[in-house]
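Next come the chains, spelled out residue by residue.
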Amino acid sequence: MSRGMTLTILTGALLMNTLAQTGATPQLGSTTKKSFGKTPGGQPVDLYVLTNKSGAEAAITNYGVAVVSLKVPDRSGKLADVVLGYDTADGYVNDKSYFGALVGRYGNRIGHAQFVLDGKTYTLAKNNGENSLHGGIAGFNKALWTARMLPAKDGQSLELSYLSKDGEEGFPGDLKVTVTYTLTDANALKIDYSATTEKKTVVNLTNHSYFNLAGQGAGDILGHLLTIQADKFTPVDSGLIPTGELRDVRGTPFDFRKSTAIGARIDRDEEQLKLGGGYDHNFVLRRSAGVGESLAARVVEPASGRVLEVWTTEPGVQFYTGNFLDGKTVGKGGTTYPKRSAFCLETQHFPDSPNQPKFPSAVLNPGDRYHTITTYKFSTEK
Ligand code: BGC
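1. Describing the overall build of the protein
Point 1. In terms of helices and strands, the protein carries three helices and 27 strands.
Point 2. Whereas a compact globule of 382 residues would reach a radius of gyration of roughly 21 Å, the protein reaches 21 Å, a difference of no more than 12%.
Point 3. Based on the C-alpha atoms only, the size of the protein along its principal axes is roughly 75 × 50 × 45 Å.
Point 4. The buried share among the 382 residues of the protein stands at 54%.
Point 5. Taking contacts inside the protein between residues at least 6 apart in sequence as the whole, the part at least 24 apart equals 65%.

And the structure:
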(Lines give C-alpha, C1' and ligand atoms only; values in the text may rest on other atoms or scores of the structure.)
Protein backbone atom coordinates (compact mmCIF):
# COMPACT_ATOMS: atom_id res chain seq x y z
CA MET A 1 0.00 0.00 0.00
CA SER A 2 1.42 3.42 -0.94
CA ARG A 3 1.83 6.20 1.62
CA GLY A 4 -0.75 8.23 -0.28
CA MET A 5 -3.34 5.48 0.00
CA THR A 6 -2.73 5.03 3.74
CA LEU A 7 -3.23 8.76 4.23
CA THR A 8 -6.50 8.72 2.29
CA ILE A 9 -7.82 5.86 4.41
CA LEU A 10 -6.72 7.61 7.59
CA THR A 11 -8.31 10.89 6.51
CA GLY A 12 -11.48 8.97 5.65
CA ALA A 13 -11.56 7.41 9.12
CA LEU A 14 -10.96 10.81 10.73
CA LEU A 15 -13.72 12.35 8.67
CA MET A 16 -16.16 9.57 9.65
CA ASN A 17 -15.24 10.15 13.27
CA THR A 18 -15.79 13.88 13.00
CA LEU A 19 -19.14 13.27 11.31
CA ALA A 20 -20.09 10.90 14.10
CA GLN A 21 -19.31 13.61 16.64
CA THR A 22 -20.92 16.57 14.92
CA GLY A 23 -23.91 14.70 13.63
CA ALA A 24 -23.49 15.90 10.04
CA THR A 25 -24.80 13.82 7.10
CA PRO A 26 -25.62 10.40 8.58
CA GLN A 27 -23.76 7.48 6.99
CA LEU A 28 -25.48 4.16 6.33
CA GLY A 29 -24.79 1.79 9.21
CA SER A 30 -23.73 4.46 11.71
CA THR A 31 -24.84 6.25 14.85
CA THR A 32 -24.26 9.95 15.30
CA LYS A 33 -24.72 12.11 18.36
CA LYS A 34 -25.76 15.75 18.41
CA SER A 35 -26.96 18.37 20.83
CA PHE A 36 -30.73 18.47 21.41
CA GLY A 37 -30.95 21.29 23.95
CA LYS A 38 -30.92 21.44 27.74
CA THR A 39 -32.96 20.22 30.71
CA PRO A 40 -34.69 22.87 32.87
CA GLY A 41 -31.71 22.45 35.24
CA GLY A 42 -29.27 23.30 32.43
CA GLN A 43 -27.91 19.82 31.74
CA PRO A 44 -27.10 19.10 28.09
CA VAL A 45 -29.49 16.75 26.29
CA ASP A 46 -28.36 14.67 23.32
CA LEU A 47 -29.98 13.21 20.24
CA TYR A 48 -28.65 9.95 18.83
CA VAL A 49 -29.39 9.23 15.20
CA LEU A 50 -29.21 5.54 14.33
CA THR A 51 -29.04 4.88 10.58
CA ASN A 52 -29.18 1.29 9.38
CA LYS A 53 -27.59 -0.19 6.27
CA SER A 54 -30.72 0.29 4.18
CA GLY A 55 -31.15 3.96 5.15
CA ALA A 56 -33.92 3.71 7.75
CA GLU A 57 -33.31 6.02 10.67
CA ALA A 58 -34.32 6.23 14.35
CA ALA A 59 -33.52 9.33 16.41
CA ILE A 60 -33.62 8.86 20.16
CA THR A 61 -32.93 11.40 22.88
CA ASN A 62 -31.54 10.60 26.32
CA TYR A 63 -34.21 12.92 27.80
CA GLY A 64 -36.98 10.45 28.69
CA VAL A 65 -35.58 8.01 26.09
CA ALA A 66 -38.05 9.46 23.61
CA VAL A 67 -38.04 8.13 20.06
CA VAL A 68 -38.00 11.52 18.36
CA SER A 69 -38.28 10.33 14.78
CA LEU A 70 -38.45 7.06 12.92
CA LYS A 71 -37.98 7.12 9.15
CA VAL A 72 -39.02 4.01 7.25
CA PRO A 73 -39.68 3.37 3.55
CA ASP A 74 -43.02 3.03 1.76
CA ARG A 75 -43.59 0.48 -1.00
CA SER A 76 -41.58 2.58 -3.46
CA GLY A 77 -38.72 3.08 -1.02
CA LYS A 78 -39.63 6.64 -0.03
CA LEU A 79 -38.83 7.39 3.61
CA ALA A 80 -41.32 9.12 5.91
CA ASP A 81 -41.14 9.90 9.60
CA VAL A 82 -43.90 7.76 11.13
CA VAL A 83 -43.93 9.02 14.73
CA LEU A 84 -45.15 12.19 16.41
CA GLY A 85 -42.61 14.26 18.32
CA TYR A 86 -40.83 17.57 18.90
CA ASP A 87 -37.83 19.31 17.34
CA THR A 88 -35.96 20.03 20.58
CA ALA A 89 -35.59 18.84 24.18
CA ASP A 90 -37.90 21.68 25.30
CA GLY A 91 -40.81 19.98 23.57
CA TYR A 92 -40.23 16.87 25.66
CA VAL A 93 -39.73 18.87 28.86
CA ASN A 94 -43.20 20.43 28.36
CA ASP A 95 -44.88 17.38 26.82
CA LYS A 96 -48.02 15.97 28.45
CA SER A 97 -48.81 13.34 25.79
CA TYR A 98 -45.76 11.08 26.30
CA PHE A 99 -44.73 11.31 22.63
CA GLY A 100 -42.27 8.48 21.97
CA ALA A 101 -41.32 8.25 25.65
CA LEU A 102 -40.06 5.44 27.81
CA VAL A 103 -42.83 5.16 30.38
CA GLY A 104 -42.18 3.99 33.95
CA ARG A 105 -41.87 3.04 36.73
CA TYR A 106 -45.44 1.92 36.10
CA GLY A 107 -46.86 2.42 32.60
CA ASN A 108 -50.60 3.13 32.45
CA ARG A 109 -52.89 3.60 35.45
CA ILE A 110 -52.88 2.57 39.07
CA GLY A 111 -56.34 3.00 40.63
CA HIS A 112 -56.71 5.56 43.45
CA ALA A 113 -52.96 6.13 43.09
CA GLN A 114 -52.14 3.49 45.66
CA PHE A 115 -51.28 -0.14 46.12
CA VAL A 116 -50.31 -2.51 48.90
CA LEU A 117 -47.19 -4.69 49.02
CA ASP A 118 -46.59 -6.99 52.00
CA GLY A 119 -49.19 -5.12 54.05
CA LYS A 120 -47.67 -1.70 53.42
CA THR A 121 -49.65 0.93 51.49
CA TYR A 122 -47.73 2.99 48.94
CA THR A 123 -49.27 6.30 47.91
CA LEU A 124 -48.55 7.88 44.54
CA ALA A 125 -49.42 11.27 43.08
CA LYS A 126 -52.92 11.54 41.58
CA ASN A 127 -51.95 12.91 38.17
CA ASN A 128 -54.97 11.57 36.27
CA GLY A 129 -58.19 12.30 38.16
CA GLU A 130 -58.14 10.03 41.21
CA ASN A 131 -55.51 7.78 39.65
CA SER A 132 -51.81 7.59 38.93
CA LEU A 133 -50.80 7.57 35.26
CA HIS A 134 -47.50 6.59 33.59
CA GLY A 135 -45.25 6.72 36.64
CA GLY A 136 -46.47 9.97 38.17
CA ILE A 137 -45.72 13.67 37.85
CA ALA A 138 -42.07 13.19 36.91
CA GLY A 139 -41.96 9.68 35.54
CA PHE A 140 -39.10 8.09 33.60
CA ASN A 141 -40.09 10.24 30.61
CA LYS A 142 -38.85 13.34 32.47
CA ALA A 143 -35.48 11.88 33.50
CA LEU A 144 -32.12 12.37 31.83
CA TRP A 145 -30.74 8.92 31.05
CA THR A 146 -27.11 7.88 30.53
CA ALA A 147 -26.60 6.77 26.94
CA ARG A 148 -23.96 4.54 25.41
CA MET A 149 -23.59 3.58 21.76
CA LEU A 150 -23.12 -0.16 21.51
CA PRO A 151 -21.75 -2.29 18.72
CA ALA A 152 -24.48 -4.51 17.24
CA LYS A 153 -23.98 -7.17 14.62
CA ASP A 154 -27.32 -6.68 12.89
CA GLY A 155 -27.87 -2.93 13.21
CA GLN A 156 -27.25 0.09 15.43
CA SER A 157 -27.73 -0.08 19.20
CA LEU A 158 -28.08 2.49 21.94
CA GLU A 159 -28.12 1.52 25.61
CA LEU A 160 -29.75 3.87 28.12
CA SER A 161 -29.67 3.52 31.86
CA TYR A 162 -31.26 5.22 34.84
CA LEU A 163 -31.34 4.76 38.58
CA SER A 164 -34.78 5.43 40.00
CA LYS A 165 -34.31 6.10 43.70
CA ASP A 166 -36.19 4.43 46.52
CA GLY A 167 -39.32 6.56 47.10
CA GLU A 168 -39.19 8.34 43.72
CA GLU A 169 -42.79 9.21 42.82
CA GLY A 170 -43.82 7.05 45.80
CA PHE A 171 -42.48 3.71 44.52
CA PRO A 172 -40.36 1.53 46.85
CA GLY A 173 -36.80 0.43 46.19
CA ASP A 174 -33.81 1.69 44.24
CA LEU A 175 -34.54 0.44 40.72
CA LYS A 176 -31.72 0.12 38.19
CA VAL A 177 -33.12 0.25 34.67
CA THR A 178 -31.35 -0.46 31.40
CA VAL A 179 -33.03 -0.33 28.02
CA THR A 180 -31.39 -1.10 24.70
CA TYR A 181 -32.83 0.18 21.45
CA THR A 182 -31.59 -1.53 18.30
CA LEU A 183 -32.49 -0.37 14.83
CA THR A 184 -31.85 -3.53 12.85
CA ASP A 185 -30.77 -3.62 9.22
CA ALA A 186 -34.11 -5.33 8.52
CA ASN A 187 -36.00 -2.15 9.60
CA ALA A 188 -37.08 -3.28 13.07
CA LEU A 189 -36.80 -1.21 16.23
CA LYS A 190 -36.13 -3.67 19.00
CA ILE A 191 -36.45 -2.55 22.62
CA ASP A 192 -34.94 -4.68 25.35
CA TYR A 193 -35.94 -3.59 28.87
CA SER A 194 -34.33 -4.83 32.07
CA ALA A 195 -34.42 -3.78 35.70
CA THR A 196 -33.36 -4.91 39.15
CA THR A 197 -34.55 -3.63 42.52
CA GLU A 198 -33.26 -3.30 46.07
CA LYS A 199 -36.75 -3.69 47.60
CA LYS A 200 -39.92 -5.41 46.47
CA THR A 201 -41.64 -3.07 43.99
CA VAL A 202 -43.90 -2.95 40.92
CA VAL A 203 -42.56 -2.34 37.40
CA ASN A 204 -44.27 -1.92 34.04
CA LEU A 205 -42.15 -0.32 31.32
CA THR A 206 -43.33 0.58 27.85
CA ASN A 207 -42.65 2.80 24.87
CA HIS A 208 -45.27 5.42 24.09
CA SER A 209 -44.65 6.10 20.39
CA TYR A 210 -47.57 7.62 18.50
CA PHE A 211 -47.56 6.16 14.99
CA ASN A 212 -49.01 7.40 11.74
CA LEU A 213 -47.78 5.13 8.96
CA ALA A 214 -48.71 7.68 6.29
CA GLY A 215 -46.20 10.02 7.96
CA GLN A 216 -46.52 12.21 11.03
CA GLY A 217 -48.83 15.13 10.35
CA ALA A 218 -50.52 13.35 7.42
CA GLY A 219 -54.09 13.39 8.72
CA ASP A 220 -55.94 10.82 10.80
CA ILE A 221 -55.25 7.10 11.25
CA LEU A 222 -58.85 5.93 10.84
CA GLY A 223 -58.12 4.23 7.50
CA HIS A 224 -55.19 2.19 8.86
CA LEU A 225 -56.05 -1.52 8.95
CA LEU A 226 -55.43 -3.21 12.30
CA THR A 227 -55.22 -6.78 13.53
CA ILE A 228 -54.75 -7.52 17.24
CA GLN A 229 -53.95 -11.04 18.42
CA ALA A 230 -56.45 -10.88 21.27
CA ASP A 231 -59.65 -12.77 22.09
CA LYS A 232 -60.29 -10.65 25.16
CA PHE A 233 -59.81 -7.11 26.43
CA THR A 234 -60.05 -5.48 29.84
CA PRO A 235 -63.11 -3.21 30.06
CA VAL A 236 -62.71 -0.06 32.16
CA ASP A 237 -64.68 2.25 34.47
CA SER A 238 -65.09 5.99 33.97
CA GLY A 239 -61.53 6.63 35.27
CA LEU A 240 -60.21 4.13 32.68
CA ILE A 241 -59.33 1.64 35.43
CA PRO A 242 -60.00 -2.02 34.49
CA THR A 243 -63.04 -3.49 36.22
CA GLY A 244 -61.19 -6.82 36.54
CA GLU A 245 -63.29 -8.53 33.86
CA LEU A 246 -61.63 -10.16 30.85
CA ARG A 247 -64.29 -9.64 28.20
CA ASP A 248 -64.64 -11.60 24.97
CA VAL A 249 -64.09 -9.35 21.94
CA ARG A 250 -66.55 -11.39 19.87
CA GLY A 251 -69.47 -9.27 18.65
CA THR A 252 -67.91 -6.03 19.98
CA PRO A 253 -66.01 -3.15 18.28
CA PHE A 254 -62.95 -4.57 20.06
CA ASP A 255 -62.79 -7.55 17.75
CA PHE A 256 -59.65 -6.95 15.69
CA ARG A 257 -58.94 -10.64 15.14
CA LYS A 258 -59.42 -9.97 11.43
CA SER A 259 -57.87 -6.92 9.79
CA THR A 260 -60.32 -4.00 10.25
CA ALA A 261 -60.04 -0.25 9.67
CA ILE A 262 -59.37 1.54 12.96
CA GLY A 263 -62.20 3.95 12.17
CA ALA A 264 -64.78 1.35 11.10
CA ARG A 265 -66.50 1.18 14.49
CA ILE A 266 -64.75 3.85 16.59
CA ASP A 267 -67.77 6.17 16.87
CA ARG A 268 -70.33 3.49 17.68
CA ASP A 269 -72.74 4.07 20.50
CA GLU A 270 -71.03 1.55 22.75
CA GLU A 271 -70.30 1.98 26.47
CA GLN A 272 -66.56 1.12 26.39
CA LEU A 273 -65.83 3.29 23.34
CA LYS A 274 -67.65 6.18 25.02
CA LEU A 275 -65.64 5.78 28.22
CA GLY A 276 -62.39 5.87 26.25
CA GLY A 277 -63.47 8.57 23.80
CA GLY A 278 -62.49 5.92 21.23
CA TYR A 279 -60.04 3.08 21.79
CA ASP A 280 -57.99 3.40 24.96
CA HIS A 281 -58.00 -0.18 26.18
CA ASN A 282 -55.75 -3.03 27.15
CA PHE A 283 -56.00 -6.17 25.02
CA VAL A 284 -55.18 -9.59 26.46
CA LEU A 285 -52.70 -11.07 24.03
CA ARG A 286 -52.92 -14.59 22.67
CA ARG A 287 -49.37 -15.63 23.46
CA SER A 288 -47.59 -18.43 21.62
CA ALA A 289 -46.13 -21.18 23.73
CA GLY A 290 -42.52 -20.63 24.78
CA VAL A 291 -40.67 -17.68 26.15
CA GLY A 292 -39.87 -15.53 23.11
CA GLU A 293 -41.79 -12.67 21.56
CA SER A 294 -45.22 -13.28 20.00
CA LEU A 295 -47.00 -11.22 17.39
CA ALA A 296 -49.29 -8.76 19.20
CA ALA A 297 -50.61 -6.54 16.42
CA ARG A 298 -50.25 -5.72 12.74
CA VAL A 299 -51.13 -2.41 11.10
CA VAL A 300 -51.26 -1.64 7.38
CA GLU A 301 -51.53 1.82 5.85
CA PRO A 302 -53.09 1.10 2.46
CA ALA A 303 -51.92 4.20 0.53
CA SER A 304 -48.18 3.96 1.36
CA GLY A 305 -48.16 0.18 1.81
CA ARG A 306 -46.27 0.58 5.10
CA VAL A 307 -46.79 -2.26 7.55
CA LEU A 308 -46.02 -2.29 11.27
CA GLU A 309 -45.92 -5.49 13.26
CA VAL A 310 -45.59 -5.37 17.03
CA TRP A 311 -43.94 -8.37 18.66
CA THR A 312 -43.59 -8.72 22.41
CA THR A 313 -42.98 -10.89 25.44
CA GLU A 314 -45.64 -8.90 27.35
CA PRO A 315 -49.15 -10.22 28.14
CA GLY A 316 -51.01 -7.05 27.07
CA VAL A 317 -51.08 -4.12 24.69
CA GLN A 318 -52.80 -0.76 25.19
CA PHE A 319 -54.40 0.32 21.95
CA TYR A 320 -54.89 4.08 22.14
CA THR A 321 -56.20 6.15 19.23
CA GLY A 322 -54.93 9.59 20.26
CA ASN A 323 -58.38 10.59 21.53
CA PHE A 324 -56.93 13.26 23.79
CA LEU A 325 -54.85 14.94 21.06
CA ASP A 326 -56.45 18.30 20.37
CA GLY A 327 -54.43 19.88 17.58
CA LYS A 328 -52.96 22.50 19.93
CA THR A 329 -49.59 20.89 20.56
CA VAL A 330 -46.94 22.10 18.14
CA GLY A 331 -44.73 19.24 17.05
CA LYS A 332 -41.90 18.65 14.57
CA GLY A 333 -41.51 21.25 11.87
CA GLY A 334 -44.46 23.24 13.26
CA THR A 335 -46.92 20.38 12.63
CA THR A 336 -49.94 20.20 14.89
CA TYR A 337 -51.53 16.89 15.80
CA PRO A 338 -55.33 16.71 15.81
CA LYS A 339 -57.46 14.09 17.58
CA ARG A 340 -56.84 10.59 16.19
CA SER A 341 -53.89 11.64 14.04
CA ALA A 342 -51.86 8.76 15.51
CA PHE A 343 -52.25 5.48 17.35
CA CYS A 344 -50.24 3.84 20.12
CA LEU A 345 -49.65 0.16 20.73
CA GLU A 346 -48.10 0.13 24.20
CA THR A 347 -46.97 -3.35 25.17
CA GLN A 348 -47.44 -3.86 28.89
CA HIS A 349 -48.67 -5.71 31.95
CA PHE A 350 -52.32 -4.85 32.41
CA PRO A 351 -53.27 -1.46 33.87
CA ASP A 352 -53.81 -1.45 37.65
CA SER A 353 -52.22 -4.90 38.06
CA PRO A 354 -50.87 -3.96 41.52
CA ASN A 355 -54.52 -3.88 42.70
CA GLN A 356 -55.86 -6.73 40.58
CA PRO A 357 -54.84 -10.11 42.02
CA LYS A 358 -56.19 -11.98 38.96
CA PHE A 359 -54.02 -10.08 36.46
CA PRO A 360 -50.45 -11.24 35.68
CA SER A 361 -48.25 -9.87 38.45
CA ALA A 362 -46.14 -6.74 37.95
CA VAL A 363 -44.21 -7.29 41.20
CA LEU A 364 -40.41 -7.38 41.06
CA ASN A 365 -38.49 -8.92 43.95
CA PRO A 366 -34.89 -8.17 44.93
CA GLY A 367 -32.60 -10.75 43.32
CA ASP A 368 -34.93 -11.16 40.32
CA ARG A 369 -34.51 -9.44 36.97
CA TYR A 370 -37.31 -7.72 35.11
CA HIS A 371 -36.77 -8.46 31.44
CA THR A 372 -39.14 -7.84 28.52
CA ILE A 373 -38.65 -7.36 24.80
CA THR A 374 -40.81 -5.53 22.28
CA THR A 375 -40.01 -5.18 18.60
CA TYR A 376 -41.65 -2.83 16.11
CA LYS A 377 -41.05 -4.41 12.70
CA PHE A 378 -41.56 -2.32 9.58
CA SER A 379 -42.10 -3.64 6.07
CA THR A 380 -44.34 -2.89 3.09
CA GLU A 381 -46.99 -4.63 1.06
CA LYS A 382 -48.49 -4.03 -2.39
C1 BGC B 1 -53.43 6.17 28.05
C2 BGC B 1 -54.29 7.33 27.64
C3 BGC B 1 -53.49 8.58 27.82
C4 BGC B 1 -52.24 8.48 26.96
C5 BGC B 1 -51.35 9.67 27.13
C6 BGC B 1 -52.25 6.14 27.15
O7 BGC B 1 -51.42 5.09 27.53
O8 BGC B 1 -54.13 4.96 28.04
O9 BGC B 1 -55.48 7.38 28.40
O10 BGC B 1 -54.22 9.71 27.46
O11 BGC B 1 -51.54 7.33 27.31
O12 BGC B 1 -51.04 9.87 28.44
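2. Thoughts on the pattern of salt bridges
For side chains of opposite charge, pairing can occur when their charged atoms come near one another.
Point 1. Inspection of every chain in the model, using the stated rule, returns 14 salt bridges.
Point 2. Residues Lys 274 and Asp 269 are paired through a salt bridge, measuring 2.7 Å at the closest nitrogen-oxygen approach.
Point 3. For Asp 269, a relative accessible area of 69% puts it in the exposed group.
Point 4. Of the charged contacts in the structure, one is a salt bridge between Glu 309 and Arg 298, with a shortest N-O distance of 3.3 Å. Of this pair, Glu 309 sits in strand S23 (residues 306-312) while Arg 298 sits in strand S22 (residues 294-300), and the two are 11 residues apart along the sequence.
Point 5. By relative accessible area, which is 18% here, Glu 309 ends up buried.
Point 6. Classification of Arg 298 as partly exposed rests on a relative accessible area of 27%.
Point 7. A cluster of three or more residues bridged by salt bridges with shared partners is formed by Arg 298, Glu 309 and Glu 381.

3. A short note on the environment of Leu 70
Point 1. Mapped onto the elements, Leu 70 comes out in strand S4 (residues 67-73).
Point 2. Remark: the alpha-carbon pair of Leu 70 and His 349, spanning 279 residues in sequence, is separated by 25 Å.
Point 3. Those residues in contact with Leu 70 that lie beyond four places of it in its chain are Glu 57, Ala 58, Ala 80, Asp 81, Val 82, Val 83, Leu 189, Phe 211 and Phe 378.

4. Section: the confidence of the model for the protein
Point 1. Confidence along the protein averages 93 in pLDDT terms, with 93% of residues attaining 70 or more.
Point 2. Counted against residues more than four places away or in other chains, residues 1-23, with its pLDDT under 50, gives 16 contacts.

5. Some points on the sheet that holds strand S25 (residues 344-348)
Hydrogen bonds along the backbone pair up the strands of a sheet, which may run parallel or antiparallel.
Point 1. In space, the five strands of this open sheet follow the order S19-S18-S21-S24-S25, with antiparallel pairing throughout. The open sheet has two edge strands, strand S19 (247-248) and S25, and neither has a second partner.
Point 2. Bridge count between strand S21 (residues 280-285) and strand S24 (residues 316-320): five bridges; the pairing is antiparallel. The residue of S24 that forms the bridge with His 281 is Phe 319.

6. Structural notes on unusual backbone geometry
Point 1. Omega for the peptide link from Gly 104 to Arg 105 comes to 0°, which places this bond in the cis form.
Point 2. Its location among the elements puts Arg 105 in the loop between strand S6 (101-103) and strand S7 (109-110).
Point 3. Its identity is not glycine, yet Asn 108 carries a phi of approximately 70°, on the positive side.
Point 4. Among the secondary structure elements, Asn 108 is positioned in the loop between S6 and S7.
Point 5. One non-glycine residue, Arg 340, lies in positive phi territory at about 60°.

7. Let's talk about the packing of aromatic side chains
Point 1. Inspection of every chain in the model, using the stated rule, returns 24 aromatic pairs.
Point 2. Ring plane angle 80° and centroid distance 5.4 Å describe the contact between Phe 254 and Tyr 279, whose orientation is recorded as edge-to-face. One end of the pair, Phe 254, is in the loop between S19 and strand S20 (260-261); the other, Tyr 279, is in the loop between helix H3 (271-276) and S21, with 25 residues separating them in the sequence. Tyr 279 carries the same exposure label as Phe 254, and that label is buried.
Point 3. Plain terms: the ring middles of Phe 256 and Phe 319 are 5.8 Å apart, the flat faces sit at 75° to each other, and that makes the pair edge-to-face. Pair noted here: Phe 256 is in the loop between S19 and S20 and Phe 319 is in strand S24, with a separation of 63 residues, a long-range link. Summarising the burial analysis for this pair, Phe 256 and Phe 319 share the class buried.
Point 4. Through a chain of ring-to-ring contacts, three or more aromatic side chains come together here, namely Phe 36, Tyr 86, Tyr 92, Phe 99, Tyr 210, Tyr 320, Phe 324 and Tyr 337.
Point 5. Over the ring of Phe 256 we find Arg 265; its NZ or CZ atom is 4.7 Å from the centre of that ring.

Cut-offs and rules
The residue numbering used here restarts from 1 in each chain and proceeds along that chain's sequence as written. At least 70 in pLDDT is required for a residue's local features to be given in this predicted model, at least 80 for side-chain atom pairs to be given and counted, and no such filter applies to totals for whole chains, interfaces and linings, which use all residues. For the side-chain quantities, the full set of heavy atoms in the structure was used; hydrogens and water were omitted. Helix numbers and strand numbers start at the N terminus; a helix is a DSSP run of H or I with at least 4 residues, a strand a run of E with at least 2. C-alpha atoms define the radius of gyration in this analysis, and the globule rule sets the expected value at 2.2 Å times the number of residues to the power 0.38. The rule is simple: take the accessible area with a 1.4 Å probe, protein chains only, and divide by the maximum for that residue type; under 20% is buried, over 50% is exposed, in between is partly exposed. Two residues form a contact once any of their heavy atoms are found within 4.5 Å. Salt bridges, as used here, are contacts in which a Lys or Arg side-chain nitrogen is within 4 Å of a carboxyl oxygen on Asp or Glu. Every residue carries a pLDDT, the predictor's confidence in it, which falls somewhere between 0 and 100. Two strands pair if DSSP finds at least two bridges between them. Only the six-membered ring of Trp is used, alongside the rings of Phe and Tyr, when aromatic pairs are assigned; centres must lie within 6.5 Å, and planes under 30 degrees apart are stacked while those over 60 apart are edge-to-face, with the rest tilted. Cation placement over rings: the criterion is NZ of Lys or CZ of Arg within 6 Å of the ring centroid and within 35° of the ring normal.

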